[in-house]
Amino acid sequence: AAAPAAAPTPATPAAPAGGHLRVRGLSKSYGTLEVLRGVDLEVRPGEVTVILGPSGSGKSTLLRLVNHLERPDHGFAALDGEVIGYARRRAGWGARRREVLRELTERDVLRQRTRIGFVFQNFHLFPHLTALENVVEAPVSAQGRPRAEVEAEARALLARVGLADKADARPRQLSGGQQQRVAIARALAVKPALLLFDEPTSALDPELVGEVLGVIRDLAHDGTTLVVVTHEIGFARDVADTVVFMDDGRVVEKGPAAQVLGSPAHPRTRAFLDKVR
Ligand code: ADP
Ligand code: MG
């Protein structure tokens, strides 16, 4: 049989495969304060999920648990079937599950971390490194990839976020919007299956919000799996597949963006949307 014609080489690499996030019964307390009370969440590959909710409702804690920055008390998060930081306390869990949820090694955690990109509210760039060096850092030191190859990719990533001419600038020479775009390029550099954004535009002057949301919008169109905590309702309406509303450590409501934003079912969602719109 004739071999099928080779597919044309795409101009830009396709979004990495995978990115299926499952969160089940995730709970976390700090002392007597219950911050997460059994959160379930499902994000399918290529989907964009926006998380809304008042300050203190547990949104950042949820993202930090998914990115191994905290450990849950109960429940688990799993990326493409691989469990992330499940609870140490396993009493009452079925024997089969206990077997599946073996203790993660340091190596597991490092590998999983490079599968997840995290963009913070306050950029968190290395102040003494240039934009290019910030982007190059993780693939070289955490993934052990050759610097020359990574640098070429890093330049392409800076171009993708509109900063080709800022490769040699240090963070203090950049505006907040430019710094956040460098942070996004840095998060993309490890080719993550999942990108988490924690209020990526909250620290920006209003006139700089659009340029950062525009970059995130482009990522969404490219099929990257995104979870975005934000108060930007217009962005949620345009870009999100699913909107999740959290309050007091729980998911109060979730569904298609048009449904949750257009006709919220829960009074607390309605009250929140009335306030932020
Ligand atoms: P959100 O991102 O929705 O504003 P957070 O997840 O940051 O909410 O916080 C939820 C609650 O947990 C808040 O009451 C916050 O003060 C508390 N909290 C978060 N992190 C810690 C911590 N490390 N120690 C104690 N309390 C914390
Ligand atoms: Mg927060």
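A brief structural summary. All figures in this text were calculated on a predicted structure; none of them were measured in a lab.

**Section: the sheet that holds strand β1 (residues 21-30)**
Logical step 1: Strand order in the open sheet made by the four strands is β2-β1-β4-β5, with antiparallel pairing throughout. Of all strands in the sheet, those with a lone pairing partner are β2 (33-43) and β5 (82-84), marking the two edges. When strand polarity is set aside, the average angle formed by the axes of neighbouring strands in this sheet is 30°.
Logical step 2: Where helix α1 (residues 59-66) meets the sheet, its contacts fall on β1, β2, β4 (74-79) and β5, and the angle it forms with β1 comes to roughly 115°.

**Examining the site of ligand 1**
Logical step 1: All residues adjacent to ligand 1 are Y30, L33, V35, G53, S55, G56, S57, G58, K59, S60 and T61.
Logical step 2: Residue assignment for the shell around ligand 1 shows that the elements contributing at least two residues are β2 and α1.
Logical step 3: In terms of residue count, α1 provides more of the shell around ligand 1 than any other element does, three residues in total.
Logical step 4: Considered class by class, the residues forming the shell around ligand 1 number three nonpolar, seven polar and one charged.

**Quick look at the pairing of β1**
Logical step 1: Across eight bridges, the pairing between β1 and β2 is antiparallel. When the sheet's bridge partners are listed, L26 is paired in β2 with V39.
Logical step 2: Examined bridge by bridge, β1 and β4 share five bridges and lie antiparallel to one another. By the bridge assignment for β4, R24 is matched with F76.

**What about α1?**
Logical step 1: Among the eight residues in α1, six count as buried, and that is most of the element.
Logical step 2: Turning to α1, its buried residues number three or more, namely K59, T61, L62, L63, L65 and V66.

**Remarks on the packing of helix α4 (residues 131-141) against helix α6 (residues 176-188)**
For any two helices packed against each other, one specifies the crossing angle of their axes together with the interaxial distance.
Logical step 1: Look at α4 against α6: their axes get within 8 Å of each other, and the N-to-C directions meet at 25°. One element, α4, and the other, α6, form an angle in the roughly parallel class. Crossing of α4 against α6: the hand is right-handed. Between α4 and α6, the residues in contact are A131, N134, V135 and A138 and V182, A185 and R186, respectively.
Logical step 2: A class-by-class count of the residues in the contact of α4 with α6 yields five nonpolar, one polar and one charged.

Each value, and the rule that gives it
Residues numbered from 1 in each chain as written. Chains lettered and ligands numbered in written order. Predicted model: local features only at pLDDT ≥ 70, side-chain atom pairs only at ≥ 80, totals over all residues. Pairing = 2+ DSSP bridges. Helix = DSSP H or I, 4+ residues; strand = E, 2+ residues; numbered from the N terminus. Axes fitted to C-alpha atoms, helices over the stretch in contact; angles between N-to-C directions. Contact = placed C-beta atoms within 7 Å. Near = placed C-beta within 6 Å. Nonpolar A, V, L, I, M, F, W, Y, C, P; charged D, E, K, R; others polar. Buried ≥ 20, exposed ≤ 12 C-beta atoms within 10 Å, placed from the backbone. Parallel < 35°, antiparallel > 145°, perpendicular 65-115°, else oblique. Left-handed = near helix turned anticlockwise from the far one by under 90°.

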